[in-house]
Structure formats: C-alpha cells, structure tokens
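Residue strings, one per chain:
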Amino acid sequence: MTLTNAQVDWHHWLQRWDAQQSGYLPHREERFQAMFDVLEQVLPPTFVAIDLACGPGAISQRLLTRFPQARCIAVDLDPVLLAIGRGALGDMAGRLRWVEVDLMQENWVQHLGEQHLGEQPVDAVLTTTALHWLSSDRLVGLYQQLGAIVRPGGVFLNSDVLPFPSYLPTFTTLSKTMQSRQEQQAFENQGGENWEQWWQAVADEPAFASLLEVRKHRFGTRSTEFEPILDVHEAGLRQAGFQEVGVIWQRFDDRILLAVR
Ligand SMILES: C[S@@+](CC[C@H](N)C(=O)[O-])C[C@H]1O[C@@H](n2cnc3c(N)ncnc32)[C@H](O)[C@@H]1O
C-alpha cells in the first residue's frame, strides 16, 4: 500500500510525532544524544545499527545524521508510523532500510536479511520508548535473539521508562509524580498534542484510512503497557550473553540501559 507524497505532508507528520513524544519526554533529544555518545566511544566510524521498534525512525534519522558512515535497519510493525518514516526520510542515501515485522514473532530476525544472520553481525541495537509494549517473557526471548546477532564488543541501548521494583515504593511514587507533572506541563499548560489526540488527528486524515485499517488488524486488542521492571531487563540481557549491563543515564525511572556483548 503506497501513498504518494502529493497526498500527505510526511515531514509535517514526522514533526508532529516528535512534538507529541517530547511532551511525554522533555529530555528526549538529550537522551538520543547520550545514546550516540556511547556509540561514538565504543564503535568505529563505520557500523551497522538496528533501530528496534523504530516508529517513524527517530533514532535512524538522528544516528545517520551524526554518523555519516553508519548504516541503519529500522524495524517496526505499525504501518502508519512506517509510512510516515519512509515518506519523510526515504532511505537516507541508501543507508537506511525499513523492515516491517512483528517483534512478537519468534522468527523476526530472519526478516532482517541474510547478511545479518551470521557473516556480518550487527554492531549496535538501539530502541527508545518501545519495549514496555512487550511482556516479560517475550522481552527475555527477544534479548536472547539480540545476544545472538550483536557481535562481541557490540552494544544494546534501551531508552525507556524502566520502573523501580515494588520494594522501592518511594522511588516509584517519586518517578510517577515527576512523569505526571511533565505531562501536565506539556499537555494542559502548554496545550501540546497527547497520544490520543495525535492518533485522532491521523484518523481525521482520509489518506491514512487504509493504513489505519491494517494497523487495527495487526495490533488488534493486544495490550501495550507491560513495563517490565529494570531488574528483568538486566537479568534478561546477562542471560543472553551480554558481558556488562547497567544504567548509563537516568532521570528518575526514565533511563538508558547499556549492555555490552
Ligand atoms: C512509542 S513508539 C516509539 C517509536 C520510536 N522508537 C520513537 O522513540 O519515536 C513505540 C513503537 O513500538 C512499536 N512496537 C510495539 N510493539 C511492537 C512489536 N511487537 N513489533 C514491532 N514494533 C512494535 C510500535 O509500533 C511503535 O512504533
């Protein structure tokens, strides 16, 4: 299903996505750059990265701009967000490849392409604001798969709300209070567009109608709010063969978890 550039202003929708996400995460851009600061120090200038659960490609766009010799594979299931990403960013001069696949599917890695199944392993996998959509079981399975495709010395970086465990209730309350203050500031005081309003605006755009149908079919009624705690992520990554696992950046429970293979 292809929409033409004449039908949709892709750049407008990409900017609108970024604004909506930044309402929830005022430090979103700082967080992206902190992830890239890690890559700059641990990888050579030429590398292959995966932007996992990429949405319209926020990581890919910024990574390929900051690292002119890198290549990126952007992976997601959402046909609307992928269409916006493809429409606005294209293939970034042949350095960006989009892959439409469900991370819940056990064999999703095979969709990355033959060259990433062994001979030419992946140097880095990055993901933002996404893996809380997966249950703990599936998350641990996904980390096993990442352990197999990231080369020794390569890295995994997950930026997301990685909640505190239940035995730290004060930490949890503090983090949740900060989050709701940020949202109040962005959406009530400053009138920014929130998640529901953004998707309503997409639904009001006739050119998106058929993609929205596909989206509804793909996601169905699946839950998208599991939020496994930090400890589950750390244990899953260690079990998957990552040698060093720890938080490298943090604002309350919004963290960047770094794992070195
Ligand atoms: C809040 S968005 C974040 C997108 C992007 N990483 C960003 O920071 O702008 C969460 C993304 O996870 C993707 N996602 C959730 N579950 C998925 C799955 N099972 N397979 C592939 N992508 C998934 C959604 O489609 C969505 O694009």
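Predicted model only: the values in this text are computed from it and were never measured. (Residues numbered from 1 in each chain as written. Predicted model: local features only at pLDDT ≥ 70, side-chain atom pairs only at ≥ 80, totals over all residues. Heavy atoms only, no water.)

**Structural notes on the overall build of the protein**
Here's step 1: A count of helical and extended segments in the protein gives 9 helices and 7 strands.
Here's step 2: In terms of overall size, the protein behaves like a compact globule, its C-alpha atoms giving a radius of gyration of 18 Å where 261 residues would be expected to give roughly 18 Å.
Here's step 3: Projected onto the principal axes, the alpha-carbon positions of the protein cover approximately 50 × 45 × 35 Å.
Here's step 4: For the protein, the proportion of its 261 residues judged to be buried stands at 51%.
Here's step 5: Taking the contacts inside the protein whose residues are at least 6 apart along the sequence as the reference set, 74% of them involve residues at least 24 apart.
Here's step 6: Charge-centre separation for the protein: the mean point of 21 positive side chains lies 3 Å from the mean point of 32 negative side chains. (Helix = DSSP H or I, 4+ residues; strand = E, 2+ residues; numbered from the N terminus. Rg over C-alpha atoms; globule rule 2.2 N^0.38 Å. Buried < 20%, exposed > 50% of the residue type's maximum accessible area, 1.4 Å probe, protein only. Contact = heavy atoms within 4.5 Å. Lys, Arg positive; Asp, Glu negative; His and termini not counted. Charge placed at Lys NZ, Arg CZ, Asp CG, Glu CD.)

**What about the layout of surface pockets?**
Here's step 1: Empty space within the largest pocket amounts to approximately 1,000 Å³.
Here's step 2: T129, A130, H132, W133 and E225 are the residues nearest the centre of the largest pocket, which is lined by 46 residues in total.
Here's step 3: Mapped onto the lining of the largest pocket, the elements with two or more residues apiece are α1 (10-24), α3 (58-66), β5 (150-161), α6 (169-189), α7 (195-203) and α8 (209-219).
Here's step 4: Here the residues of the lining of the largest pocket are counted per class, giving 22 nonpolar, 10 polar and 14 charged.
Here's step 5: Roughly 230 Å³ of internal volume is contained in the second largest pocket.
Here's step 6: If you go around the second largest pocket, the residues you meet are W133, W195, E196, W199, Q200, A203, L212, R215, F219, G220, R222 and T224.
Here's step 7: Residue assignment for the lining of the second largest pocket shows that the elements contributing at least two residues are α7 and α8.
Here's step 8: In terms of residues, the lining of the second largest pocket owes the most to one element, α7, which gives 5 residues.
Here's step 9: By residue class, the composition of the lining of the second largest pocket is 6 nonpolar, 3 polar and 3 charged. (1 Å grid on protein atoms, 1.4 Å probe; cavity = no way out; pocket = protein on both sides within 12 Å on 5 of 7 lines; lining within 4 Å. Points joined across faces, edges and corners; volume = space filled by probe spheres on them. Nonpolar A, V, L, I, M, F, W, Y, C, P; charged D, E, K, R; others polar.)

**A closer look at α1**
Here's step 1: The terminal C-alpha atoms of α1 lie 22 Å apart, and with 15 residues this matches the ideal 21 Å at 1.5 Å per residue to within 8%.
Here's step 2: For α1, every residue scored as buried is listed here: W10, W13, L14, W17, D18, Q20, Q21, G23 and Y24. (Expected span 1.5 Å × (residues − 1).)

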